[in-house]
Amino acid sequence: AAAAAAAAAEQAKLDAEAAAAREAAEKAAAAEASRLSAEEARLRRFGQKRYDSEIREMGTFAWKDSKMKDGMSDEAIIAALKKRLDFIRIGPAEALAQCTGQPGVDGLQFAKYAVDGRTLWAFAKQLFYEMSEARADELLHNARAAAGLPPDGGPCPVDANVLPVPDFLRLFGWTPETGDKPPTEPVRAKLKPNKVDALTVREKEIVADLRESLVERFSTMQKRFQSVDKDTSGSISIEEFLSAMKHAGVVEVKGGIANTGHDGMGRAAAVLTEEEACNIVGFFDSNGDGELSYAEFMRILQGVKAQMVQPAVGRRAPR
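Since we're looking at a predicted model, the values are computed, not measured.

Participant: What should I look at first to understand the overall build of the chain in this one?
Facilitator: The number of helices and strands found in the chain is 12 helices and 11 strands. The burial tally for the chain puts 41% of its 319 residues in the buried class. Long-range contacts, defined as pairs at least 24 residues apart, comprise 73% of the intrachain contacts of the chain with a sequence gap of at least 6. Just so you have it, the chain exposes about 16,400 Å², and 54% of that area is on carbon and sulfur atoms.

Participant: Sorry if this is basic, but what is going on with the pattern of salt bridges here?
Facilitator: Pairing is possible between side chains of opposite charge, provided their charged atoms come close. For the structure shown, the criterion picks out 13 salt bridges. In this structure, Asp116 and Lys49 form a salt bridge, with 3.4 Å as the shortest nitrogen-oxygen distance. With Asp116 in the loop between strand 3 (113-115) and helix 5 (117-125) and Lys49 in the loop between strand 1 (44-45) and helix 2 (54-58), this residue pair connects regions lying 67 residues apart in the sequence. Among the salt bridges present, the one from Arg118 reaches Glu133, with a minimum N-O distance of 2.7 Å. Note that Arg118 is positioned in helix 5 and Glu133 in helix 6 (residues 133-146), a separation of 15 residues in sequence. Residues joined by salt bridges that share partners form a network here, namely Arg56, Asp65, Lys125 and Glu130.

Participant: Sorry, what's going on with the environment of Asp74 here?
Facilitator: Looking at the secondary structure, you find Asp74 in helix 3 (residues 74-87). On the accessibility criterion, Asp74 (15% relative accessible area) is buried. Here the alpha-carbon distance between Asp74 and Leu140, two residues 66 residues apart in the chain, equals 9.1 Å. Beyond its immediate sequence surroundings of up to four residues, Asp74 is in contact with Arg135, Leu139 and Asn142. Polar side-chain contacts of Asp74 include one of 2.9 Å to the side chain of Asn142.

Participant: Even after reading the chapter, I still don't get the side chain of Asn194, so can you show me in this structure?
Facilitator: By the secondary structure assignment, Asn194 is in strand 6 (residues 194-195). The buried category is assigned to Asn194, whose relative accessible area is 9%.

Participant: Sorry if this is basic, but what is going on with the packing of aromatic side chains here?
Facilitator: Aromatic ring pairs are described here by two measures, namely the spacing of the ring centres and the angle between the planes. The final tally for this structure, using the stated rule, is 8 aromatic pairs. Ring geometry for Phe168 and Phe172: centres 5.3 Å apart, planes at 65°, overall edge-to-face. Given the relative accessible area of 1%, Phe168 is considered buried. You can call Phe172 buried: its relative accessible area is 6%. Ring pairs connect the aromatic residues Phe46, Phe110 and Tyr113, which therefore count as one cluster. Geometry around Phe128 places Arg56 over its ring, the cationic atom sitting 4.0 Å from the centre. Note that Lys125 overlies the ring of Tyr51, its terminal NZ or CZ placed 5.3 Å from the centroid.

Participant: What is the right way to look at the packing of helix 5 against helix 6 in this model?
Facilitator: Packed helices, taken two at a time, are described by the angle between their axes plus the distance between the axes. Remark: helix 5 packs on helix 6, axes separated minimally by 8 Å, with the N-to-C direction vectors making an angle of 110°. By the criterion of interaxial angle, the relationship of helix 5 to helix 6 is roughly perpendicular. Judged by residue contacts, Gly117, Arg118, Leu120 and Trp121 of helix 5 engage Glu133, Ala136, Asp137, Leu139 and Leu140 from helix 6. Taken together, the residues of the contact of helix 5 with helix 6 sort by class into 5 nonpolar, 1 polar and 3 charged.

Participant: Teacher, can you tell me more about the sheet that holds strand 3 here?
Facilitator: For sheets, the rule is that strands pair by backbone hydrogen bonds, running either parallel or antiparallel. In spatial order, the strands read 1-3-5; together these 3 strands make up an open sheet with mixed pairing. Strands with a single pairing partner mark the edges of an open sheet, and in this sheet they are strand 1 and strand 5 (163-164). With 2 bridges connecting them, strand 1 and strand 3 associate as parallel partners. Looking at strand 3, one finds that Arg45 is bridged to Ala114.

Participant: How should the nonpolar core be read in this particular structure?
Facilitator: Within soluble globular proteins, side chains that are nonpolar generally end up buried alongside one another. Judged by nonpolar contacts, the single largest core of 39 residues is most densely connected at Leu81, Leu96, Leu120, Phe123, Leu127, Val165 and Phe168. At the level of secondary structure, the elements contributing two or more residues to this core comprise helix 3, helix 4 (92-99), helix 5, helix 6 and helix 7 (165-170). With 6 residues, helix 3 is the largest single contributor of residues to this core. Excluding residues within four positions of it along the chain, Phe123 makes contact with Leu81, Leu85, Pro92, Ala95, Leu96, Cys99, Phe168 and Phe172. Counting 20 residues, the second-largest nonpolar core is a separate cluster that includes Leu210, Ala277, Phe283 and Ile300.

Participant: How should I be thinking about the packing of helix 3 against helix 6 in this particular structure?
Facilitator: Put simply, helix 3 and helix 6 touch, their axes get as near as 10 Å, and they point 105° apart. The angle between the axes of helix 3 and helix 6 places the two elements in the roughly perpendicular class. Contact residues: helix 3 offers Asp74, Ile77 and Ile78, while helix 6 offers Arg135, Leu139 and Asn142. Of the residues that constitute the contact of helix 3 with helix 6, the class distribution is 3 nonpolar, 1 polar and 2 charged.

Scoring rules and cut-offs
- Going along each chain's sequence as written, the residues are numbered from 1 onward.
- Per-residue local features of the predicted model are confined to residues with pLDDT of at least 70, and side-chain atom pairs are confined, for both listing and counting, to 80 or more; whole-chain, interface and lining totals are unaffected and use all residues.
- To get the side-chain values, take all heavy atoms of the structure and skip hydrogens and water.
- Strands are runs of DSSP state E lasting at least two residues, helices are runs of H or I lasting at least four, and both sets are numbered from the N terminus onward.
- Relative accessibility under 20% of the residue-type maximum defines a buried residue, over 50% an exposed one, and the middle range a partly exposed one, all with a 1.4 Å probe and only protein chains included.
- By the convention used here, residues are in contact when the closest approach between their heavy atoms is within 4.5 Å.
- Here the accessible surface of atoms and residues is derived via Shrake-Rupley with a 1.4 Å probe, and residues count as covered only by protein chains that are part of the display.
- Counted as salt bridges are all cases of a side-chain nitrogen of Lys or Arg within 4 Å of a carboxyl oxygen of Asp or Glu.
- Between N or O atoms, a polar contact is any pair within 3.5 Å; within protein, one atom must be a potential hydrogen donor and the other a potential acceptor, and residues adjacent in sequence are included only when both atoms are from side chains.
- The criterion for an aromatic pair is that two Phe, Tyr or Trp rings (for Trp, the six-membered ring) have centres within 6.5 Å, with stacked assigned to planes under 30 degrees apart, edge-to-face to planes over 60 apart and tilted to the rest.
- Criterion for a charge above a ring: Lys NZ or Arg CZ within 6 Å of the ring centre, and within 35 degrees of the ring normal.
- Helix axes are fitted only over the stretch in contact, all axes being lines through C-alpha atoms; the angle between N-to-C directions runs from 0 to 180 degrees.
- The labels follow the angle: roughly parallel below 35 degrees, roughly antiparallel above 145, roughly perpendicular from 65 to 115, and oblique for the rest.
- Three classes are used: nonpolar for Ala, Val, Leu, Ile, Met, Phe, Trp, Tyr, Cys and Pro, charged for Asp, Glu, Lys and Arg, and polar for all others, with Gly counted as polar.
- A pair of strands is labelled paired if DSSP reports no fewer than 2 bridges between them.
- By nonpolar core we mean a set of buried residues, namely Ala, Val, Leu, Ile, Met, Phe, Trp, Tyr and Cys, connected to one another through side-chain atoms within 4.5 Å.

Written out as structure tokens, the structure reads:
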């Protein structure tokens, strides 16, 4: 009887140990499943956060670095960023792709990716706006709440201050239906240059200001030409010339071209009329094709024909 009792006690002990081992294994499996579930739920992050993008190079004519105060409202920050995107006619998805080093960002395909504070900082920095990462985190946190997302990040608390890519793009007007369509400029009649033999003193000063601006920003002649030849056609139209003048901060364009100024940067600028632009392009357009070739544009940058620049009255006749 004693031996049977001892055997029963030993078996009970073994059964208890086995039960405890099974319970521990079940808890470990549950914990691992929970970890994997949270990892799956966690949004992926972009590896790169850079601001030295093509967008920043495009904006060198138009803006200087400006600090965004932490006291600015979310709405004001988003409106300021959107205004600059509209100015250079770039959609938010393209801007996000450039500051994250992606070949492209589709809002739906990147639904499992998130914009964090550092990414938003780079997004703004490439548009010449400096905002603190703390303010960027706060904006994203508020946007989560506005989008109906869990304010604490849900199953993965580390995601409390990140915003899924589709929700981020929606802040700037993106929708799955319209996609990343930047604003378009109205179609305008193509301008034609005027045939002139000399430039006025004022027109000479405008050309000199453009030359100085291009030399300051671009190291080679080719880069200076490419910065103005936006459609990469190999020649510069009057419209592209007007755009370069406006973005360079040299002039504020009047007469059909959007009079946007310089986005509140406070830089004074003369007013350039379309007629004056037609005169300047016509003066350097030696072959009369209505546009500036690389060689003709170089004459502007190199100051060639400067001896011909002189006050002149009553010598213009449109082609």
